Structure formats: structure tokens, C-alpha cells
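# Observations on the model geometry
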Amino acid sequence: CSGWQLRGQTHTPQFESVTLAGGAAQLRYTLERELTPLGVLLHNESPYVIKVIDERWDRRTAAVDERGRIAELELHYELVWQLIDRDTQAPLNPPRHIRALRNLAYYPDNITASSDEEEMIRQDLYDDIVYRLINQLADASRKVQQD
Amino acid sequence: CGQKGPLYFAEPAPPPQPQDQPPAPETAPATDNDDDSDQDPH
Amino acid sequence: KDDLNWVDREAMNELPEVLQRPIPVWCGGIYYNPRVGPRAETSDTIITADQTSASEDGLIEMSGDVLIEQPGSRVVTNSALFDRSSGKFEVDTPLRLESNQFTFLADSMSGQTSSRQVSLGNARYSLFGPGAHGSAEYIDQVSNLTSVFNGTYTTCPPGSNGWRLSGEQILLDRDKGWGEARNVVLRVRDVPLFYLPWITFPIDDRRKSGLLFPTISTSDSGGLDFSQPIYLNLHPQMDATIAPRYVDGRGAGLETEFRYLTPYGQGQVSYGVLFQDREFDDQDRELAAWRHDGSIGRWGLHVDMNYVSDDFYFKDLDTGLQVSSQTHLPRVGELRYYGQTWQALGRLQAWQTIDPTLSDDQHPYRRLPQLQLTGRPHLLGPLRLLWLSDVTAFDRSDKDTSNNPTGVRMHAQPALSARLENNWGYVEPRARLYHTRYQLDDGGPSGSEPSLNTWGASLDAGMFFERSTNLFGRGYTQTLEPRVFVNKVAYEYQDDLPDFDAGELTFSYNTLFRENRYIGYDRIGDEEKIAVGLTSRFLRDDDGREQLRLRVGQGYYLDDRKVQLDGTGEDTADQTPAVADMRWNFGRDWYLYSEGQWDTSGGQRQRSTLRLGYNDRERRIFNLGFHDRPEDNLRQSEVAAIWPIHRNWRLIGRWMYDVENHRTQETLAGAEYRNCCWRVRLVSQRELYDDDGDGTLEPDSTVMLQIEMTGLGGFGGRVDSLLERSISGYRREYE
């Protein structure tokens, strides 16, 4: 059909390595795990620095049951990052906001399972944010390589 | 009257978080899509 | 018109772009003087006047349109004496002294240029930093310390009598960043309100110890409630807020919060107490909590310890559905290691159950400890070992009367995976073994050491297509990502095994592609399923941002599922619900997330969720939520907003409606008036909650008022806490 082709470099940053400055250990782990198969290393001496300007979790009751107890939980994660050139410390793109949001059913009579599921969904949100961060990083890397 | 505000690091920000040294190039992990490996195809 | 360099919006817009400074929308202007540049050390003085005469001993007399200019300051007057040898000067005609920090108008002035010391008689002043102005019998200024004698201080705009401090001595120290006044009277609209022997207040945005503004509230459950926070700026990385509190119907108490920031993590310790609560047969009510989160390289530390003295602490002494809906308070400490190949978790977890309607056997287990190891080491080429092992000791509180078993569970889940992937696709076969062994303290239906062995296999494959396209007149790369996931988990009888922490997953697109349909390791759900999914993303060409994502998927079962949680009969449905979700980030600050599931065989609708949000990270927030879960007959909507309707006015609102039971679960209605020197917030809140543990909901309403005098500090209090909890995206002033 019209114009469809196999994906090229859209999801592949054209950097040999990047450094992550700031952010939680889980974000670093997820980014490293997703960058490795793309051939991009994550370490502290890269000329390109992903600076985490803000990283924020929000957890709130989205719905309650007939007794007013938590029945639906909303997890909301927001990351604000910027690509910085290590030597000149000059920003290579404007600050970017990435937001991810998920709901899960919460059962007061099985709180251990609900809290484990919450943890699983937190990792899902990190996976989702990192996937989109890599797309933006790939785009930024193509532009940096051009000029 | 007082004024509350965000906490911040007094001295300059701590050195970047201690992390293992970057793997030297020759020991870089073989990525899955290393299809230009130089093994002899036969 | 003010003559102390008050620049209103029009005047600001007339200035060249580079010289313009932002004016807060709720204020008509700011004190600012673009004509005078910053101070320079080596500064020669340019003097222009109609007549100037210089005597031999270096005394210069000037008169008629005198202008004395140095980089960083200007003096305009009619006559002046300047002694070049001593640097002293004398002005006894009305003068104007300007710098890029302040403006002074006075009848006389004397001073010494080298020591930057100046005294002004019968003066009026404006300080640009705090945006403050006033008058004084005389003013002494030495470099950055301005001493105002028998004078006034306010941050209200010119001509406004919003509030004013007047007193014998007001010292404003721009180096330390705060002012100190003795024997002052606070006047509001010219009415004297307070006499204060001594007061200090901030004159820039640095943190400073002192009283924050009180919050006054009244509620059905407690009557009048007065909280006066005292802020202690202990160290750039530590501070404390102690808020004595008096609740008319209950008694006196205290709420304290200690915050800390270290390279190894940040956290907060809170303690609240209400002494001899008259509504709780004179018992003390207490809350204690410690929250810590730290990331050091690959290590992550998380602590969340909570204690309340009774089940109703939050419902009686706090406000908002977010806290009153809590049923369990976590008591957890966990250390995680995120290695590139191996990851580890060590956790101690328990809960304090504060839901009186839960019976003992519904209380959660304690995990003392839980040790988990996961890993993905390379074996050969694309072949990897996927390792997961978990050893957890399950315990119950000694007051537990249920005969739920306790003991240790050891679970191992080794798997082989061979993932082949490149830019446009991947295929990953996996073969897995599941082994669980229990050591129960006092036996169960299948002895004290039951075990489970089963196996599973899966094939996960996906492709990535893309094309350039156009949407709303902008270039996008659209992707099309088909995915198929075939999963087989062999059946093993598990009804007699203990169920410590197994649970049903909230069905969503992601759960289609999970190997075990249960969370936890007590149940390995047998399954023969083929799941197919299709994802399409629209990535903006200019920056790669994902503006829109659409997903649709469904699973088809090849066999019935025998393993069920509550031991009911087999699940014979031959397909999962179909699920579709959308995430759309449109405009600069809007986001829409919606998900729908429907049972294609029976045709009824299952879960659906809609969540719309707007947040410009400045003054506007809007949230809309709709949650529909027919199987739990739960259908609720929520709309919340903080929206400006005028330069000085913002409305605050939240409405959470229970569509299923036709009742309003919580409302929040409030308004904020804000101008240059005042910020007043009045919020009324009403919620339904189970106030005595009998399972029925009773209403409780609260009205909260906080008045802040902008320019005299503040930023904290119960209104901020309530708004942060109730309105997703709201941040207090300094955040």
C-alpha cells in the first residue's frame, strides 16, 4: 500500500554513547537495557548528556468503591529532559516533557497483589517513557550529525 | 515571617553518580544485530 | 503616577525587548529602572551642572540642573557640594538618587562616595528586589544595607493601602536577603491591626526561618481548626515546619515535617499529634511517617514507613478523599540493585490496616524478607538465560486470628530466550520452567512442604513499518507495529497451594502479552493463547515527539483455563475482551488517554477509561476523568480545575460523582484572589466517607481560609496540601 516501508533509523540514536545525568536508578536501568540492543552505550564520559531536569511521580485515587475506599489508582509519571553537549554545556534541544499515565484496579482485600501490580505498571511506564525518549534522542542525533 | 522554598545542594552538585567505567571498546558487548561480524561464513 | 520608577504594562511594552522584565499577571507593574546600568568598581564620576566652581582645596560647588553620574548610580538635584579629597558630598535641595536596585527621592542628602554610604532626609524609596516602597524621616544606606527610620514598608502598588508596616526602624539587608523591623504597626487599609515589637521578613526568594501564614478552617467533624506553621531553614539541604494546631471540638495538637536532601537520596519525616481528643474519649491521636527515596549509581533505596494511632486519624483530622480513601498504610524498606545483567531486590514489607471493615483473614501478609534476583546473561550469540528467583518469608501479625498459613516460599523461573531483532522487527522464542516450593510453619491441605513444577513456552514477534504522512497540516512519521504473542503454560493442580500474594491483573493491552496471567508467584496460570496487537504512532518530523498512539489487540484461547484464584470452575471463554487505547498529546499542554474493552462474544462493554488533562505549568489546570468497571459495578466521573477568570481571580473546583450510586463523592469549590501584595484563598470541600467503620458513608464538609501578604514570605499550609492531593498537576508556589 501507499508509502509503507520497513522502519529504518527512526528508533536508533546515531550516537555511540550517551550519558544520563540525574534521574532514578530505575530510569537509568531501563534506558541502558533499551539502548544496548541499538548499539548505544550508556556511561559517564559520553560527549552527549541527557540531562534530567525534572522527574515526577504522581499517585492518586481515581475512583472509590461503595464504602469510599480506593478502587482505582492512577499512576502519572512525567520526565523533563534536555540534550546537552558535554564540552560546551550548550543545550542541543529545548527541554522536552514526556508524560505517561496508567490506571489500575485496586482491591483493599488483596493489597499485596495490588501493590505488586502497581510496581509492575511503574516499570511499564518507565518502558513507555524510555521508548519515546529514544525516538526523540534518535531524532535529535540525526539533527546533530547533520550540522 | 518566614519563607519556605525548595531544598538544594549547598556545595557544588556532587560528582556524577559513581558508575562503572565505560567498557573499553574491544570488550564492548556484542550487540544482537552485529551482522557485520567477521566470522568466516564457511 | 508614581515617581519611584513604577513601570506598568504599557510602559514595559514600550521598552526595547532586551530591557523588558516580566510583570506577574495579577499585578499592574513592577519597580524597575532600565536607564541605570549595573555598578562598576573603577568608576569615574561625570558631573554636569549650569554653574560649577572649584576651590583650591578640592571643594566643588554645583548649582542649577545638577546631574552626577557614575556607572550604577545617578543623582539629579539643583545644588550640591562635593569634596574631592575626602569623597564627601552634601545636597540640601530636593534630589533624586537612582540605581538599578533602588530609587530614592529626598529633601537632603549627605554621604561618602568611596564607602558607598549615604544618608537621606525626609525620603521616599523603592527597592526593586522585593518590589517594596515606602517613606521615612531619614534613610541610611551603606552598600547593600538600607536602614529606614520612622518610616513605612509595603509591597502593595503605588496608591494602594492594602497593607503597610510602619515603625521606628526597618533594616533591609539585600546581602542576607531579609529585613528586620522593631516597634512596628501593621496597618491594613489604614486600620492598625497588629503592634509587633520585632518582626523579620524575606526581601528576596531565599528561604528564611519564621512564621508562615496560618490556615483557619472549620469542619463538621472538628469545628474551628487553626494551624500556624513555623518554618525553620536549618540548612540548604534540610528544613523543618512545625505547625501548632488547635481544633475547637477536639483539642490542641501539633503537625511537624522535617525534609532532607542528600546525595544518597531525599526524604521527609512527619509527626502529627492531637492531645486528648475530646471526640475520641480523650485519647491522644498520633501519626508518624518516614519517606525516603534515593538513587546512588545502580542502587536504589526506598523507604515508606507509616503509623497512625487509630483507623480514623485521617478521616477525623485530615481533609480530602485522597487520604480518607486509604485502607492500608505501607511499612516498607527496600534496597534494589540495577545491574546491566543482574538485578537484585531486598525488601521488608508490612502494612498497617486502617480499614475496620476488613476481617482478620483479609489482612495482608507481611514479607519479612523478600529477596529476588533477576538476570539476562548472554550465553551464545542471541541466546540468553532469563533468570528470576524469589525467596520470601510470609508472616502474619501476632494478633491475627485467621488460620491463614505462614511460611517461606522459594520460587525459581529459569528461561532460555533467543531474541533476534533489527530495526524493523524482532522474534523471540522463550522456554521457561516454573518451580515453587513452600516450607509452611504448620502444614496445609498438601503437607508442610508443597511444591509446584510446571513449564511454559512463548513466541513473541513484531514488525515495525513506517511512512511519512500529514496530519493537521504538519509532517509526521506514522508507524504500524503488528505484534503476535503465542503463549503456552502447562496446567498443574494448584488449588491446595497457599495463596500468599497472587492476584488478578487489571486487563489492558499490555496484559495480552504477559506470560503469567496472575501477579505474584503462588499461581502459575495455565494458558494456551494467541494474542495479536497493532500499534500505530504518529511521530512529529520536527522533533520525534509521539503526538498520537493508537493500539488495538485481542487474545484467542485454544484451551480452557483450569487454574483459578478462588477455586471456582474453569474459565471457558475462548477469547479475551478486545482492547483498544489511545494516547493523544495535542496543543502544547493537552493530553488525552482513553481505553476501552468489550467482550466480543457476549457483546457487553467491559472496562473503559477516559482521562483528559490540561496543564500549562503556570496558572491553568484542567482534569477530566471517567472510569467504568461494570464487573465491579463501579462507574465514576471526575472533573477538576484551577482556572483564571480574571487577572486577579482564579476559581478552584473539583467534582467527583459516583454515576452508579447517583451521589457526589467529593466536591471542592474555592476561589483565589491575588494581587501585588495579597493572596487570599477560600476553599470549601465536602466528601462522603465511612466515618465510623460501619460501611455506610456520611458527609463531612470543611471550609479552609488562608491569607498571605505577598512580600512577607509564606508558601505552605493546609490549603496547599489539600490542593496538591485533590487536583492532579497542582504544585505549591515554589515547586
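A few points on the structure. (Residues numbered from 1 in each chain as written. Chains lettered and ligands numbered in written order. Predicted model: local features only at pLDDT ≥ 70, side-chain atom pairs only at ≥ 80, totals over all residues. Heavy atoms only, no water.)

### Re the overall build of chain B
- Of regular secondary structure, chain B possesses zero helices and zero strands.
- Of all 42 residues assigned to chain B, the portion counted as buried reaches 19%. (Helix = DSSP H or I, 4+ residues; strand = E, 2+ residues; numbered from the N terminus. Buried < 20%, exposed > 50% of the residue type's maximum accessible area, 1.4 Å probe, protein only.)

### A look at the overall build of chain C
- On a plain count of helices and strands, chain C comes out with four helices and 50 strands.
- By the compact-globule yardstick of 27 Å for 735 residues, chain C is too spread out, its C-alpha radius of gyration being 34 Å.
- With the C-alpha coordinates aligned to their principal axes, the bounding extent of chain C is approximately 110 × 70 × 45 Å.
- In chain C, buried positions account for 51% of the 735 residues.
- Put simply, 46% of the contacts in chain C that link residues at least 6 apart link residues at least 24 apart. (Rg over C-alpha atoms; globule rule 2.2 N^0.38 Å. Contact = heavy atoms within 4.5 Å.)

### Side note on the sheet that holds strand E6 (residues 96–105) of chain A
Residue and element names in this part refer to chain A.
- Here five strands make up an open sheet; going across it, the order is E3-E2-E4-E5-E6 and the pairing mixed. Either end of the sheet is taken by a strand with one partner, and the two such strands are strand E3 (41–42) and E6.
- Sheet topology places strand E2 (residues 17–21) next to strand E4 (residues 48–64); three bridges connect them, and they run parallel. Bridging from a neighbouring strand, Ala21 pairs with Lys51 of E4.
- Helix H2 (residues 111–146) rests against E2, E4, strand E5 (70–85) and E6 of the sheet, and its axis sits at about 160° to E6. (Pairing = 2+ DSSP bridges. Axes fitted to C-alpha atoms, helices over the stretch in contact; angles between N-to-C directions.)

### Comments concerning H2 of chain A
- In a regular helix each residue adds 1.5 Å, so 36 residues correspond to 52 Å; H2 of chain A covers 52 Å between its end C-alpha atoms and thus fits that length.
- Of all the 36 residues making up H2 of chain A, 29 are buried; the element is thus mostly covered by neighbouring parts of the structure. (Expected span 1.5 Å × (residues − 1).)

### Focus: the interface of chain C and chain A
- Listed as interface residues are 89 residues of chain C and, on the opposing side, 66 residues of chain A.
- Of all residues in chain C, Tyr338, Asn423 and Glu466 of chain C give up the largest surface area on contact with chain A, accounting jointly for 10% of the area buried on that side.
- Where chain C meets chain A, there are twelve salt bridges.
- A salt bridge links Asp124 of chain A to Arg514 of chain C, with the shortest nitrogen-to-oxygen separation between them at 2.6 Å.
- There are 36 residue pairs in polar contact (both at pLDDT 80 or more) connecting chain C and chain A. (Buried area = accessible area lost by both parts, 1.4 Å probe. Salt bridge = Lys/Arg side-chain N within 4 Å of Asp/Glu carboxyl O. Polar contact = N/O pair within 3.5 Å; in protein donor to acceptor, adjacent residues only side chain to side chain.)

### Topic: the environment of Lys143 of chain A
- Structurally, the position occupied by Lys143 of chain A is in helix H2.
- Aside from chain neighbours lying at most four places away, what touches Lys143 of chain A is Asp541, Asp542 and Asp543 of chain C.

### So, helix H1 (residues 25–35) of chain A
- Most of H1 of chain A sits inside the fold, with ten of its eleven residues counted as buried.
- Those residues of H1 of chain A that fall on the buried side of the exposure criterion are Ala25, Gln26, Leu27, Arg28, Tyr29, Thr30, Leu31, Glu32, Arg33 and Leu35 of chain A.

### Here's the deal with the nonpolar core
- One finds Met109, Leu120, Tyr153, Trp163, Leu172, Phe201 and Leu712 of chain C to be the most contacted residues of the largest nonpolar core, which totals 43 residues.
- The leading source of residues in this core is strand E11 (residues 117–127) of chain C, at five residues.
- Sequence-distant contacts of Met109 of chain C, defined by excluding residues within four places in its chain, comprise Val75, Phe89, Glu90, Val91, Leu95, Leu97, Val118, Ser119 and Leu120 of chain C.
- Listed in part, the 35 residues of the second largest apolar core include Leu20, Leu27, Val130 and Val144 of chain A. (Core = buried A, V, L, I, M, F, W, Y, C linked by side-chain atoms within 4.5 Å.)

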